[in-house]
Amino acid sequence: MSTSSIRNEFDIDTEQVFNRMGYGTDGVPSARVESLVREYADNICHLVEPSYSYVIRDINSVRGSRVFIEGSVIFRSNVIARLLERCQKVAVFVLTVGGRLGEVVHQLSGDGLMVQAAVLDAIGSDAAETLAHVVQDIVGKEAEADGLGISQRFSPGYCDWRVSQQRMVFRAMGSDTAGVRLTDGCLMIPQKSISGIIGIGPADKVESYNPCPTCEKRDCVGRR
Amino acid sequence: MTEGDIIVRLKENVIQGRKNQDEEGIDEKLSGTPGVVELTRLALEKKILLEEIINALTAGMTVVGEKYSSKEYFIPDMLASAEAVGEAMEILKPILEAANVETKGKFAIATVQGDIHDIGKNIVAILLRGAGYEVNDLGTDVPTEKIVDFVKKESPDYLGLSALLTTTMTEMGVVIEALKDSGLRDRVKVLIGGAAVSDEYAQEIGADAYCVDGFHAIKVLDSFQQAKTS
Ligand code: B12
């Protein structure tokens, strides 16, 4: 599903972009960096080609840390198993902001314009996160129509869910992977792509699920 | 402008991250005044000693490093400064070569086979260039044979390897094994980096160091140099 309507309402959170570049909450960007970020953020719609795809699958059973999903898909992760045992269904998604932005970043670094390249790269990452929120909202509305709620997003490579499980995510997706390709090394191309799942089930059971408070990885970027 | 002025301004403009006269820098008042490129050319015209020019550039970068550590400067600021110094080094390169002046060392850097993540690698490359290393960027998704071949033919002092994910970093171990098999492992120090890589992983595969970022790499390289001279 390619979505030109989303493209025009891409709202880049410049605060997030600075955060991503290491400014934290109280770092003050210089005037030239500030205006560069603004300029790229305002023109991001010319650089992104947002595209996403998701499928909603039945959960057949959960045994230990393994979750059996229709279509011979098996997710292995304790965190994901504890989530999905509360759910009736699972939405599996892949999304991307496309390859053009990456090409421009590559060109900029090739021309020795590293400041521009680093800023645009960080904005691209933020754009991917923004699109993930959009997908989450869409799945949320669909669940709501059935009187159900949704969980937070989880992606292979976070918690105890290995990156190699990307293969199962892509198997669940079937043929429509929003133009994203998975390499043998489980890297998605284009680079600014995100994959993952969202649990669907009774609102009171799924919305509150959060494995972070008891997790040891205190500096994890995904900590919620 | 006296020779002393040129040297002072050279350092100041590195700190400001002003590659050339059109750039703003941190302090906007400087716009229109000569930047690092113009000042380097001017210094050469005035026959200022190469050593003095390089010292001014390095002194500027040292201040940038300090400002980065104290969180006054951030990644874009340090990149602007490193870019400016990198450009100055390009101008000086032929003269350095003609005068047979040795650089701090040759650093080859690559994102390993199966991985295409390049922004981190490029940041490290420009920082090391700014610190006075001769950097050869081999690119992304670089086959192990190509890396080994480069080490064999060009004898870099250091090899930097980058990867984004735990599934792609394993190729770093493959590169180190291939270097051993070719009898080249002792000729080059291997530094590894990337979000999924760690100190433990460096030890596991027998790399010489894991670096969090480019400034860390500069510190590690300095310590290697000290070990060599002491
Ligand atoms: C931004 C980001 C994204 C963005 C952009 C990704 C991209 N490649 O462009 C988005 C949102 C799209 C994304 C997606 C994913 N991500 Co991500 N992402 C990050 C994040 C937060 C920052 C990475 C980044 O771009 N940093 C900025 C650049 C400039 O830094 P850098 O490349 O790391 O380089 C610096 C240093 O590492 C070092 N360095 C790098 N190389 C070298 C080499 C040498 C020789 C030296 C000395 C130093 C050095 O110096 C550089 C300069 O400072 C990291 C976590 C983190 N804090 O690092 C996770 C992280 C890399 N992502 C992770 C994961 C799991 C993913 C996904 C698989 C999730 C999913 N299922 O969708 C996907 C994979 C994408 C793909 N293409 O396959 C994991 C990887 C874990 C693992 N087991 O491998 C991380 C580590 C987060 C975590 N779980 O802790 N991601």
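Residues numbered from 1 in each chain as written. Chains lettered and ligands numbered in written order. Predicted model: local features only at pLDDT ≥ 70, side-chain atom pairs only at ≥ 80, totals over all residues. Heavy atoms only, no water.

## Quick look at the domain arrangement of chain B
Residue and element names in this part refer to chain B. Let me state the cut-off plainly: The split into domains, and so the bounds of each, comes from an automatic or database assignment of domains. We call two residues in contact whenever any of their non-hydrogen atoms come within 4.5 Å of each other. Two parts placed together each lose some accessible area under a 1.4 Å probe, and adding up what both lose gives the buried area. Salt bridge criterion: a side-chain nitrogen from Lys or Arg within 4 Å of a carboxyl oxygen from Asp or Glu. The term polar contact refers here to a pair of N or O atoms within 3.5 Å; inside protein, the definition further demands a hydrogen-donor-capable atom paired with an acceptor-capable atom, and it admits residues adjacent in sequence only when both atoms are side-chain atoms. We count a stretch as a helix when DSSP gives it H or I for four or more residues in a row; a strand needs E for two or more, and each element gets its number in order from the N terminus.
Segmentation of chain B into domains returns domain 1 (3–98) and domain 2 (106–229). When each unit is reduced to the centre of its C-alpha atoms, the spacing between domain 1 and domain 2 is 27 Å. Every contact between the two is made by 10 residues of domain 1 and, on the other side, eight residues of domain 2. A combined buried area of about 890 Å² lies between domain 1 and domain 2, and 82% of that area is made up of carbon and sulfur atoms. The interface formed by domain 1 and domain 2 holds zero salt bridges in total. Here domain 1 and domain 2 share zero residue pairs in polar contact (both at pLDDT 80 or more) between them. The set of elements that each furnish at least two residues to the side of domain 1 that touches domain 2 consists of helix H3 (50–69) and helix H4 (75–98). At seven residues, the largest contribution of residues to the side of domain 1 that touches domain 2 is made by H4.

## Structural notes on the nonpolar core
What counts here: Only buried residues count toward a nonpolar core. Its members are Ala, Val, Leu, Ile, Met, Phe, Trp, Tyr and Cys residues joined through side-chain atoms within 4.5 Å. Only protein chains enter the accessibility calculation, which uses a 1.4 Å probe; a residue whose area is less than 20% of its type maximum is buried, one above 50% is exposed, and one in between is partly exposed.
Residues Phe10 of chain A together with Leu57, Leu128 and Leu191 of chain B are the most contacted members of the largest nonpolar core, which totals 95 residues. No other element matches helix H6 (residues 114–145) of chain A, which puts 15 residues into this core. Counting the residues that make up this core, at least three belong to each of domain 1 (3–98) and domain 2 (106–229) of chain B. When residues no more than four places from it in sequence are discounted, the contact partners of Leu57 of chain B are Leu10, Val14, Val36, Val85, Ala88, Met89 and Leu92 of chain B. With 28 residues, the next largest nonpolar core counts Met172, Leu184, Tyr201 and Ala207 of chain B among its residues.

## What to know about the packing of aromatic side chains
Note the following rule: Under the pairing criterion, centres of Phe, Tyr and Trp rings, with the six-membered ring standing for Trp, must be within 6.5 Å; the plane angle then separates stacked pairs below 30 degrees from edge-to-face pairs above 60, leaving the rest tilted. Cation placement over rings: the criterion is NZ of Lys or CZ of Arg within 6 Å of the ring centroid and within 35° of the ring normal.
Applying the stated criterion across every chain yields a total of nine aromatic pairs over all chains. Seen from their ring centres, Phe75 of chain A and Trp161 of chain A are 5.1 Å apart, and the 70 degrees between their planes marks the pair as edge-to-face. Here Phe75 of chain A, found in strand S3 (residues 73–76), pairs with Trp161 of chain A, found in the loop between strand S5 (149–154) and helix H7 (166–173); they are 86 residues apart in sequence, far enough to count as distant. The same class applies to Phe75 of chain A and to Trp161 of chain A, which are both buried. The cationic tip of Arg224 of chain A hangs over the ring face of Phe154 of chain A; the distance from NZ or CZ to the ring centre is 4.8 Å. Residue placement shows Lys189 of chain B over the ring face of Phe224 of chain B; its charged tip is 5.1 Å from the ring centre.

## Focus on the interface of chain A and chain B
To keep it simple, the criterion reads: Put simply, Ala, Val, Leu, Ile, Met, Phe, Trp, Tyr, Cys and Pro go in the nonpolar bin, Asp, Glu, Lys and Arg in the charged bin, and everything else, Gly too, in the polar bin.
Listed per partner, the contact involves 27 residues of chain A and 29 residues of chain B. Between chain A and chain B lies a buried interface of about 2,200 Å² when both sides are counted; carbon and sulfur atoms form 63% of it. The three residues of chain A that bury the most area against chain B are Arg32, Met114 and Leu187 of chain A, which together make up 31% of that side's buried surface. Put simply, chain A and chain B have zero salt bridges between them. With five residues, H6 of chain A is the single largest residue contributor to the side of chain A that touches chain B. Split into classes, the residues belonging to the side of chain A that touches chain B amount to 15 nonpolar, 10 polar and two charged.

## Brief notes about the site of the ligand
What counts, and what does not: Proximity is defined per residue: any heavy atom of the residue falling within 4 Å of a molecule or strand makes that residue near it.
Close to the ligand lie 37 residues; Met188 and Lys192 of chain A together with His117, Ser162 and Thr166 of chain B are nearest. At the site occupied by the ligand, the surrounding residues belong to chains A and B. Note that a nitrogen atom of the ligand is positioned 3.0 Å from one of the backbone N or O atoms of Pro156 of chain A. Between Gly157 of chain A and the ligand, the recorded distance is 3.1 Å, taken from a backbone N or O atom to a nitrogen atom. At four residues, the largest contribution of residues to the shell around the ligand is made by helix H5 (residues 119–130) of chain B.

## A few points about the sheet that holds S3 of chain A
All names here are of chain A. As a reminder of what qualifies: Pairing between strands is defined by DSSP: at least two bridges between them are needed. Geometry is summarised by axes, namely lines fitted to C-alpha atoms with helices restricted to the contacting stretch, and by angles between N-to-C directions that run from 0 to 180 degrees.
Sheet architecture is open: six strands sit in the order S3-S2-S1-S4-S8-S5, paired in antiparallel fashion. The open sheet has two edge strands, S3 and S5, and neither has a second partner. On average, adjacent strands in this sheet sit at an angle of 35 degrees to one another, irrespective of strand direction. Pairing geometry for strand S1 (residues 51–63) and strand S4 (residues 89–96), over eight bridges, is antiparallel. By the bridge assignment for S4, Asp58 is matched with Lys89. Each of S1, S4, S5 and strand S8 (193–201) is contacted by H6, which is oriented at about 155 degrees to S5, the strand it contacts most. Against the sheet, H7 makes contact with S1, S3, S4 and S8, and its axis sits at roughly 100 degrees relative to S4, the strand it touches most.

## Brief notes about the pairing of strand S2 (residues 134–142) of chain B
All names here are of chain B. What counts is decided by this rule: Orient the strands so they point away from the viewer; a crossover is then right-handed if the path from the first strand over the helix to the second runs clockwise.
The pairing of strand S1 (residues 106–112) with S2 spans six bridges and is classified as parallel. In the strand pairing of S2, Ala108 is matched with Asn136. Note that the unit made of S1, H5 and S2 has a crossover that is right-handed.

## Some words on the packing of helix H2 (residues 36–45) of chain B against H3 of chain B
Residues and elements named next belong to chain B. Rules: For this classification, under 35 degrees means roughly parallel, over 145 means roughly antiparallel, 65 to 115 means roughly perpendicular, and everything else is oblique. Two helices that cross are described as forming a left-handed crossing if the nearer one is turned anticlockwise from the farther one by less than a right angle, and a right-handed crossing if clockwise.
Where H2 meets H3, the closest approach of the two axes is 10 Å, and the angle between their N-to-C directions is 160 degrees. Here H2 lies roughly antiparallel to H3, going by the angle between them. In this structure, the crossing between H2 and H3 has a hand that is right-handed. Facing H2, whose interface residues are Val36, Thr40, Ala43 and Leu44, H3 presents Leu50, Ile53 and Leu57. For the contact of H2 with H3, the class distribution of residues is six nonpolar, one polar and no charged.

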